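Remarks on the overall topology
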Amino acid sequence: MSAASTAEAPAYVANTKVGRITDFVDERVGGSGILREFGRKVFPDHWSFMFGEVALYSFVILLMSGTFLTFFFDPSMAETHYNGSYTPLKNVEMSVAFSSSLDISFDVRGGLFMRQVHHWAALLFVASLGVHMLRVFFTGAFRKPREMNWVVGGVLLILAMAEGFTGYSLPDDLLSGNGLRIIDGVIKSIPVIGTYISFFLFGGEFPGTLIISRLYTLHILLVPALILLMIVLHLFMVVVHKHTQYPGPGRNDGNVVGYPLGPVYAAKAGGFFFIVFGVIALMAGFFTINPIWNYGPYDPSPVSAGTQPDWYIGFVDGALRLMPGVIGDFHFEYVIFGHVLTLNVLLPALVPAGIIFTVLFMYPWIERWITKDNREHHVLDRPRNAPTRTAIGVAGFTWYCVMWAAAGSDLIATHFHVALNDVTYWLRALFFLGPIIAFVVTKRVALALQRKDREIALHGRETGRIVRLPHGEFIEVHAPLDEYKRYKLVGFESPVPLPAVPNEHGVVTRKENRRAKLSQWFFEDRVAPATPAELEAGHGHHEAVEAGEAQKTLSH
Amino acid sequence: MKALSQKRRHPLAAIALLLMGLLLTGGLYAVATTVNEAKATTADFSASDTEEGGKLFAANCATCHGMGASGTKDGPSLVGVGAAAVDFQVGTGRMPMQMNGPQAYEKPAQFNDEQTRQLAAYVASLGPGPSIPAGELLDEKGNAAEGGELFRVNCAMCHNAAAAGGALTRGKFAPALTDVSGKHIYEAMVSGPQNMPVFNDANISPEGKRDIITFLKQIEANGSPGGADLGAIGPVSEGLFVWIAGLGVIIAFTIWLTSRTS
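Reference entry: report on the structure contained in this document. Only a predicted model underlies this, so the values are computations on that prediction, with no experimental measurement involved.

**Considering the interface of chain B and chain A**
The interface is formed by 54 residues belonging to chain B together with 55 residues belonging to chain A. Of all the secondary-structure elements, those providing two or more residues to the side of chain B that touches chain A are α7 (144–154), α8 (156–159), β1 (166–167), β2 (173–174), α10 (206–222) and α11 (235–257) of chain B. Counting residues per element, the side of chain B that touches chain A draws most heavily on α11(B), at 16 residues.

**Observations concerning the nonpolar core**
Core analysis: the biggest nonpolar cluster contains 158 residues, and Trp120(A), Ala121(A), Phe125(A), Ile280(A) and Val123(B) have the highest contact counts within it. Here this core gets 16 residues from one element, more than from any other, and that element is helix α6 (residues 111–138) of chain A. Excluding anything up to four places from it in sequence, Ile280(A) contacts Ile61(A), Val117(A), Trp120(A), Ala121(A) and Leu124(A).

**With respect to the pairing of strand β9 (residues 461–468) of chain A**
Residue and element names in this part refer to chain A. Counting buried positions over the eight residues of β9 gives zero, only a small fraction of the element. Pairing geometry for β9 and strand β10 (residues 474–479), over five bridges, is antiparallel. In the sheet register, Arg-468 faces β10, and the bridge partner there is Phe-474.

**Focus on the pairing of strand β8 (residues 339–342) of chain A**
All names here are of chain A. Pairing analysis gives four bridges linking strand β7 (residues 333–336) to β8, with the strands arranged antiparallel. Residue pairing for β8: Tyr-334 is matched across the bridge by Leu-341. If you look at the hairpin formed by β7 and β8, you'll find two residues sitting between the two strands, and Phe-337 has a positive phi there, around 50°.

**Section: unusual backbone geometry**
Leave glycine aside and you will find that most residues have negative phi; peptide bonds, for their part, are mostly trans. With an omega of -10°, the peptide bond running from Phe206(A) to Pro207(A) counts as cis. Relative to the elements of secondary structure, Pro207(A) occurs in the loop between α9 (194–202) and α10 (211–241). Along the chain, Met95(B) connects to Pro96(B) via a cis peptide bond; the corresponding omega equals -5°. As for its position among the elements, Pro96(B) is in the loop between α5 (82–91) and α6 (113–126). With phi around 50°, Lys372(A) is a residue other than glycine that occupies positive phi space.

**Looking at the packing of helix α14 (residues 343–371) of chain A against helix α19 (residues 510–523) of chain A**
Residue and element names in this part refer to chain A. With their axes 8 Å apart at the nearest point, α14 and α19 run at an angle of 100° to one another. Between α14 and α19, the angle falls in the class roughly perpendicular. Residues Trp-369, Ile-370 and Thr-371 of α14 form the contact with α19, whose own contacting residues are Arg-515, Leu-518, Ser-519 and Phe-522. When the residues that make up the contact of α14 with α19 are grouped by side-chain class, the tally is four nonpolar, two polar and one charged.

What counts, and at which threshold
- Residues numbered from 1 in each chain as written.
- Chains lettered and ligands numbered in written order.
- Predicted model: local features only at pLDDT ≥ 70, side-chain atom pairs only at ≥ 80, totals over all residues.
- Contact = placed C-beta atoms within 7 Å.
- Helix = DSSP H or I, 4+ residues; strand = E, 2+ residues; numbered from the N terminus.
- Core = buried A, V, L, I, M, F, W, Y, C linked by C-beta atoms within 7 Å.
- Buried ≥ 20, exposed ≤ 12 C-beta atoms within 10 Å, placed from the backbone.
- Pairing = 2+ DSSP bridges.
- Axes fitted to C-alpha atoms, helices over the stretch in contact; angles between N-to-C directions.
- Parallel < 35°, antiparallel > 145°, perpendicular 65-115°, else oblique.
- Nonpolar A, V, L, I, M, F, W, Y, C, P; charged D, E, K, R; others polar.

No statement about biological role is implied by the geometric values presented.
Following this line, the structure appears as structure tokens:
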């Protein structure tokens, strides 16, 4: 519709009053145009596409329950004597922050429920964010054009962790104080500037009297604002890029097959919000989380057994637990020009997290460089069809999980009746060997699954029906697949290694050689999808299939 | 008296005076203090208790602890551990020990109350040691808040702030303190069983111990105001729960929501 024709045609007049008001507003804000555009956005349906939604809804629930909590929470570290209804803490000296957290738990109507909603939603927020990222990684959804959105997602993960940690510290109970003490130790282990940063952050020597109110400002203002900004950017890019889809008949890089947002998907998504809210509310109603009254007020002298951070910071805590203080006679602590360098805190606290996030942010570019793949991808990979990427992902995930498990080493020891020292030794070994084992096993499993797919595509599905032929031979009848199912098994890209290519000067650079080697490593083990010719052969009788088998193109 | 004043310049007079002073202060301290209260509690037990206990000991304990409880390489000497140690170890089933290991596990008691009493009488007769606490210390009517503070400062680093237990090195552990009688908690503090340190009456006064028991019993009776406590072991069980139950249920819903098309 051109601008000229709209100007000339005020022909439409609504019949009802509501209609006329709506029309009035619409002519000025253009709502129907926006609605038409968004309402026609198509979303493919798959359960694994919904984790981002879970994270978004958890965040909305966090905003709502958090607002409630701010009405009653007082982030002051001034000393007071508790005078609420929880008798085991009666008259105990504590900070106002802890006292008001106890009041929320015991004296504000619905306060404990809201605290538990807030905390469970926080755990679920980070968990669903993590699972969403794993889905994106393993299906290759980070490829062009979505690399930037992958980075935004990574930033969101870091912000979520920061938001979680600042919130965990606010009640000023013994557990969170122990956690802050560890953070303080990590900050102080940074060479030269560490002590200055710590004194700046805490306004003097730990714990000081400022940290809770400072964390509160970060927790309710800065970090949530940044998260909101990143969510807007993230969703904006989702709309621009359109949603990815799993491979299937009729699906390609030029279309999206699914339901439009309005009305089907809007209804589903709206309903799903209430499902997530319901699940969180049930958890909050029936299961305790962070029972601060058990931990008591923070005081720098006591440290409770079983002191752990919330799960998403666990891997850093685990790395700290795994680090040996000395190895034989080798020490990790030095005094250089009067400055203490404690590598046994600095290394485990910063290096694994640094590696994880660096690789996470760079991975789309690393893979793009190796594969020289500059095309847009809107159809996802099944994880098995990208064996090396899947193996890298599982190796990284395993590494993370080893550190994660190490954060619970004391509980593994007590609950499985094994020695804490043995748990630590095993986890130290797995810290180095786990990722390698995981890589090899995952890659072999992925290749085996590809072979199985190929087998089924060529021979059809095993029916379990054994038939005896007139001459006495037994065969199992294989039922051929229908076209749609077969497409899924054969319709994928299977890149081959890209040899080194000379540049414009006819020189093969060292970098290019390295790339070619990596490409070889990436793609050398491959099971090619069954070709149409092979499929044709597969439809023949049994011997012909065997012949087709022999042509299987394994590159080595 | 004259002899005393005449010999006041004797070369050994200073040493004698010092000795007297030391003896006097030491003696006064021993009388005044209850720190190492040498309670020869045999008074609480009859001679026949001690005698029966000796027989039970020879039949059930002497293999490791030696005849006369003088100790072997498999078990320590029990001279001077007192009736409290026996009442705790035998009363909670930790002794006789199921097998040698880093630590004895709690199990159903192997002796009845009468036999436990007799064993305690026998061991108490061997040398002075902490006795079984009096009933008024176990009435659970102390100050729970004070007890909580004492517990967090002295006990929580091993037993966990919520008394849920925790790990120690090389297979040793601090057990959870739920379902433990006040008497046994008190005895554990004064006798330091397994890998636990002794908290004598100078570290924590008997009233402090009473407060701790009051605190432990009160938090146990309070239950968990926020719903199921997931083992009261903190963020690990909470994380496990959100990943398995929380996300698990949500994944089930996502599969249900998308089941029509896929």
